[in-house]
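Next come the chains, spelled out residue by residue.
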Amino acid sequence: MPDYKESIIYQIYPRSFADADGDGVGDLRGIIGKLDYLADLGIDILWLSPIFQSPNADNGYDIADYEAIMPQFGTMADFEELLVGAHQRGLNLILDLVVNHSSDEHRWFQESRRSKDNPYRDYYIWRKEINNWQSFFSGPAWKWDEQTGEYYLHLFAEKQPDLNWENPRLRQEIYQMMRFWLDKGVDGFRMDVIPFLSKDPNFPDYPEGRFGDLTIHANGPRIHEFLQEMYREVLAHYTTHDGNRLITIGEGFGVSADEANLYVGDNRHELGMIYHFDHAVPREEYRFIDPAPEFTLPQLKAIFSKWNTALQTPVSEHGTDSGAGWQNVYFGNHDNPRVLSRFGDPDRFHYQSATALATVLLTQRGTPGIYQGDEIGMTNCPFTNIDDYDDIQVRNAWQALVAPNPSLADTFLTTANRIARDHARTPMQWTGDSPDRPGAGFTTGTPWLTINPNTTAINVAAQQADNQSVLAYYKRLIHLRKQTSALHHGTYRDLLPDHPTVWAFERVLDKVRFITVVNFSSENVLVPVGVTGNLVLGNYGDEHSELRAWEARVLVGEYSL
Ligand code: TEU
């Protein structure tokens, strides 16, 4: 199997991927049943969102036992069968390491809250005085605990108390847990909000009392010390099951492009990859009634160029020159609405815009991540009222904003229909819906979250039978990428940075020059790139300098601007 820099990641949100036991919730045996589908797609690394024991306040990102499988998802034997099955098919499998916080039902927290002198007290962050920090899920980031007369910190839900990484005993417990999974043969970790492990120890207020200044509770003074310790104590001692470098991906919430190499530079001995939030949907509470405008194409291109430049150029810190690091490049994940609904035109140009987005992603520099369902062009779901939503972030924001002011309901629901995380969490659409098979091939039971009604038109089964489907295009593009080292290690240069609707960039390695040209709009456009060379892959057949709506072309050869 390839090194992570030559791989393609596929993120599975287990709750919504495939339900084998008919309880309406996806599970590990469901994933086992789809391993041939995943291997046939051509991806290399499976990233599973959390599968551990959890009360599901935040759908598994609130872990109550790091070494037990959530019973709804199955058993440890199921997990071991899944791991073996993945490896037998040439797939690496990485788990979601959520160690900025645990569940409040974790035994550590149950002990910690028992008394101030409990040995586990300092596994969490308790204070008498609090600051003005806000939770990402509405309300203050501090919860009063009557039993011991102090507040505990929770940057996310009240049921997600932040772990105290200043405590070396806690860190050793985490390292031991990591070894437990790595000894089982897991190929690495995606690391949840990893920059948050070190916070400003003075716990200063956010400036002007406004929420969202990540410089205070992310990238704290000891973050690199902690990650280098994690590397020294754990990561350095393991490889993937087939002997490649361990796969580690930091969720870089709060990390800027010029800080990235400090996390992933070759000589840093911290993480292998990072992914950024610069193009993520802003979703602070007030954004549900005051939505940020979507990124324009020039803004998107500038973000990708900034990160590609930062990770192509070595950085030095304190004189130790470190090689440029690496990123997991993505458009969709479980925390963002469907990329096709954000940037594409699924109603008028479903195939063209889904494959145009795929072309940009899969010819990019960095290790691309495909989010489950994007490979068939799944879209946002037409939710109509607050009860349609499951996500704690949406429901808490509704309680905070609309409950006291019902006149905001329409604005809130219109915005949530654009930005809510639930859109990425509707069940995978395996088949069309029908009265005798209502579960879209996801479940034979009642799905935990609404299945998008457009599963009748957008589903795996229909696209597997169609050589001109989004799925077929993804497979051709994945095949192209896997055999092209210029798309792995080639430099990146934007050829038309200011063009309002065309994204054209080159990837160059030695004598090979790949050019991607995509019309990122629903209007035909004359593109000022006279492109010669053989057409390698496109979602249209003929050569011409005018690009049709959402036309995407990947070419190899020379070009003239
Ligand atoms: O997400 C980090 C995070 O805070 C954002 O991704 C989140 O979506 C928020 O809307 C930003 O405004 C990670 C996990 O990916 C996410 O699913 C969890 O809810 C969160 O951490 C807590 O574990």
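Residues numbered from 1 in each chain as written. Predicted model: local features only at pLDDT ≥ 70, side-chain atom pairs only at ≥ 80, totals over all residues. Heavy atoms only, no water.

Keep this limit in mind: UniProt positions are given in the numbering used here, feature names are shortened, and annotations may be inferred rather than shown by experiment.
By the naming in an unreviewed UniProt entry, the chain is Alpha-glucosidase, taken from Fibrella aquatilis. Listed in UniProt under the heading Sequence similarities (unreviewed entry), the comment for the chain reads: "Belongs to the glycosyl hydrolase 13 family."

## With respect to the site of the ligand
We apply this condition: What makes a residue near a molecule or strand is one non-hydrogen atom of that residue sitting within 4 Å of it. Two N or O atoms count as a polar contact when they lie within 3.5 Å, although within protein this holds only if one can serve as hydrogen donor and the other as acceptor, and sequence-adjacent residues are included solely when both atoms are side-chain atoms. Areas reported here follow the Shrake-Rupley algorithm with a probe of radius 1.4 Å; residue values treat only the protein chains shown as occluding. Polar here means any residue other than Ala, Val, Leu, Ile, Met, Phe, Trp, Tyr, Cys and Pro, which are nonpolar, and Asp, Glu, Lys and Arg, which are charged; Gly is therefore polar.
Taken together, 18 residues form the shell around the ligand, and within it Asp58, Asp192, Asp335, Gln393 and Arg421 come nearest. Within the contact set of the ligand, an oxygen atom lies 3.0 Å away from a side-chain nitrogen or oxygen of glutamate 251. Burial of the ligand by the protein chains amounts to 98% of its free accessible area of 490 Å². By residue class, the composition of the shell around the ligand is six nonpolar, four polar and eight charged.

## Considerations on the packing of aromatic side chains
Keep this limit in mind: Stacked, tilted and edge-to-face pairs are distinguished by plane angle, under 30 degrees for stacked and over 60 for edge-to-face with tilted covering the rest, among Phe, Tyr and Trp rings (Trp via its six-membered ring) whose centres lie within 6.5 Å. Helical segments are the DSSP runs of H or I of at least four residues, strand segments are the runs of E of at least two, and each set is numbered from the N terminus. Burial classes follow relative accessibility: with a 1.4 Å probe on protein chains only, a residue under 20% of its type's maximum area counts as buried, one over 50% as exposed, and anything between as partly exposed.
Counted according to the given criterion, the structure contains 41 aromatic pairs. When the ring of phenylalanine 136 is compared with that of phenylalanine 253, the centres are 5.2 Å apart and the planes differ by 50 degrees; the resulting orientation is tilted. Taken together, the residues phenylalanine 136 in the loop between β6 (126-127) and β7 (142-145) and phenylalanine 253 in the loop between β10 (247-251) and α8 (257-264) connect sequence positions 117 residues apart. Taken as a pair, phenylalanine 136 and phenylalanine 253 share a single burial class, namely buried. Geometrically, the ring pair formed by tyrosine 351 and tyrosine 473 is edge-to-face, given 6.4 Å between the ring centres and 85 degrees between the ring planes. Remark: tyrosine 473 occurs in helix α15 (residues 470-482) and tyrosine 351 occurs in helix α11 (residues 350-362); sequence separation between them is 122 residues.

## Regarding the sheet that holds strand β5 (residues 92-97)
Applied cut-off: Being paired, for any two strands, means DSSP has found at least two bridges between them. To obtain each axis, a line is fitted to C-alpha atoms, and for helices this fit is confined to the stretch in contact; angles are then taken between N-to-C directions over 0 to 180 degrees.
The eight strands lie next to each other as β11-β10-β9-β5-β2-β1-β15-β14, forming an open sheet whose pairing is parallel. If you trace the sheet from one side to the other, it starts and ends with β11 (273-275) and β14 (328-330), each paired once. Taking each pair of neighbouring strands and ignoring which way they run, the sheet shows an average axis angle of 30 degrees. Of the pairings in the sheet, the one linking strand β2 (residues 45-48) to β5 comprises four bridges and is parallel in character. The partner of leucine 48 across the bridge, within β5, is leucine 95.

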